[in-house]
Amino acid sequence: MSDWAMPKDALLEKPASAAQVSISKIFALNTKPSAIQSLTLSSASGTIFANRCNARLDKMLWDDALLDAQKVIELEPSSHVGYHLKHMALHGAQRYIEAIVAFQMMLAKLASAHSMQLRKLRDKFISPSEAERIIRKSIDIQLYAAPLRLLNTNTGLLCDREAQISAFKMTTEYKQLLLSIMMHADLPMDHIADAVATYFRYVMLSHRWGENEPLLHEIQDKIVYRLNSASLTKLQSFCKVARRAGFNWAWVDTCCIDQNNHVELQKSLNSTFAWYHHSALTVVYLSDVSPSSKSGALAKSAWNTRGWTVPEFLASKVIRFYQQDWTLYLNDVSPNHKESVEIMHELEDVTGIDAHALVAFQPGMRDAREKLQWVSTRVTTVPEDIAYSLFGIFGIQLPILYGENAHNALGRLLQEIVARSGDITALDWIGQPSEFNSCLPADITSYAAPPCALPYLSEDEIQTAVSSLRHTVTIDEASKFYNQLANISYPRFSNCRLRLPCIIFPVTEVRRRTGAAQETLFTYGVRADGLCDLVITTEQTLVQFSRARPTRQTFLLALPWDRRLLELPDFADDAESLGGWSGPESLDSSPGEEELADSESYSQALRLIARLGQPFGAFLLAQQRSGEYKRIASDHDIIAQVKDVASVHSTTDIKTLEIL
């Protein structure tokens, strides 16, 4: 179980306060005898009452001890001892506010004492204001990664940050913590942070929105438990589930965000993934899964069709699925359904997300194409949300611009992925081109089909090809070609313009095939220098031309350059390792070592040429009047192959093209 998972009993029916359990080891310090009690009082009677008070404190006879402490104060009004004993008795009786007042009086008596020894004793303690400052610092750290507003599951009130802090200050846990810090200046900060974190743990809801979901203005300054409305049933039930599990705070996307505040909405949507990640528990409510459903009902739930539920589930470390009547799915009472093999297997089958990612997902740019496929069949009520919901999955933050349209929202996301990672797999799609850039799809559904499965050379086949190429490609030719590709720039994407490194093949002929067209599609035979002839189907009408009847417009078939063909370390992990194709030269190397290095580099270059001789996914590009290019989308993958693998190094052209 992850570090964020709770003890198993923490999620059962109302346990003892988790905060009290967590904090008890700190507060036990407050009941230990203190050195200041052993100091001699000026009167015999005062000493007798002080000693009896100590004995009663040891027996936890708080009321009797308080009476004795009061006697000590009456007999020795200028001494700190009586106030210290009074503080201990009040603390034991859980009368914390009075205990703090008594402690303040004790500090005042120590500060004004005639004895230097007693005045120095004052420095061993912390004032209430300083203790409050220490706690507040810990609270601010804890709430930095928490939602801006949370529902108090005990009171039913929606609270902003200051209201949450005020609620904490009213609790027994806060007063105990305050007293502990005051009495023990050396109390470890991690103990304080642990006590604060325990109180402020929160539960997130993942659900499919229904009709008439409650919004912020409908519940603000109201106790949700007292509101009578069918639209509030889900919210009320969720808060009760969180409260029974021992949590003070809960969050629901419908009513804990001010949808009319653009700044807050921007921050919230860019922070949602982190909020789910840092939550103590995420409750998934399956409104369409009936009570006592069998395995398989989760897979059929509409929850699995929504866009936002993907990052909500992946981000969360602890998950529990609840059915329509708020009973646990499959009656699984375990504290974390991510540890249920049966439930995770069901989710893996329906989502296509592998088991490891479901349980321990890490956000980032790696495997971008696969992540886009995960959400390719998902839907959102607001078109732009399908892109916004992916921000957290890829670990990026971008402006939220509702009204920009889905093309632009998805385009900005994909542009950021390519620009930051250099990963061009996001350009592998089938469908309609985007208005944002012709190399990007108009819709997330274009990623539904898996990437084209091209023939893959086995190691034996590569070695056979390399042996053959040694007879036709010289070391110098191979070295020059490899270095040219190894030193080519990364893809760059900004302002809707893609600068894409490519191996290009000029198109020499485009002829429409009669009788092969469908109602909206046109089929063309295409020839290009150095490539086998191929057929392309597209919705666009292409200019027909040949060598005998050329056209002014330039067409290219391009292989987008993929640095993985260099067989170097993953550029996403170590971009600096991609500078050159051979290791650093050594002035002290022997002729034999240089020969070996040359041989290894030669083989590496020939392996690259052999791989480039295999079928590849090509882009058909048409040059525009301004000199840039646009991609012509096809209804299927354009698979091209060079005619002569032995001439790849000498007949291909390598350029970085600017694509609109």
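Residues numbered from 1 in each chain as written. Predicted model: local features only at pLDDT ≥ 70, side-chain atom pairs only at ≥ 80, totals over all residues. Heavy atoms only, no water.

*Asks:* Which parts of the structure should I look at to understand the pattern of salt bridges?
*Replies:* Opposite charge on two side chains lets them pair, provided their charged atoms get close. In total, this model carries 22 salt bridges according to the counting rule given. The residue E264 makes a salt bridge to R149 at a minimum N-O spacing of 2.2 Å. Of this pair, E264 sits in helix 13 (residues 262-278) while R149 is found in the loop between helix 7 (128-143) and strand 1 (150-152), placing the two residues 115 residues apart along the sequence. Here R547 ties to D529 by a salt bridge, and the two come within 2.5 Å at their closest N and O atoms. Placement of the pair is R547 in the loop between strand 10 (534-538) and strand 11 (555-560) and D529 in the loop between strand 9 (522-528) and strand 10, with a sequence separation of 18 residues. Classification of R547 by relative accessible area gives exposed; the value is 62%. Under the relative-accessibility criterion, D529 is labelled partly exposed at 34%. Via salt bridges that share partners, E459, E567, R607 and R611 belong to a single interconnected network. (Salt bridge = Lys/Arg side-chain N within 4 Å of Asp/Glu carboxyl O. Helix = DSSP H or I, 4+ residues; strand = E, 2+ residues; numbered from the N terminus. Buried < 20%, exposed > 50% of the residue type's maximum accessible area, 1.4 Å probe, protein only.)

*Asks:* Hey, could you run me through the pairing of strand 11 in this one?
*Replies:* Regular strands place side chains that alternate from one sheet face to the opposite one. Most of strand 11 is tucked away, with six of its six residues classed as buried. The alternating pattern of strand 11 places F555, L557 and L559 and L556, A558 and P560 on opposite faces, both of which are buried. Pairing between strand 8 (residues 497-512) and strand 11: five bridges, direction antiparallel. Residue pairing for strand 11: I504 is matched across the bridge by A558. Pairing of strand 11 with strand 13 (residues 619-623) involves four bridges; the strand directions are antiparallel. Residue pairing for strand 13: L556 is matched across the bridge by L621. (Pairing = 2+ DSSP bridges.)

*Asks:* It is not clear to me how the pairing of strand 3 (residues 202-207) should be interpreted in this structure. Could you clarify?
*Replies:* In terms of burial, strand 3 is a largely internal element, six of the six residues being buried. Burial of the side chains of strand 3 extends over both faces: Y202, M204 and S206 are buried on one face and V203, L205 and H207 on the other. Pairing analysis gives three bridges linking strand 3 to strand 4 (residues 249-251), with the strands arranged parallel. Bridge pairing in strand 4 places M204 opposite W251.

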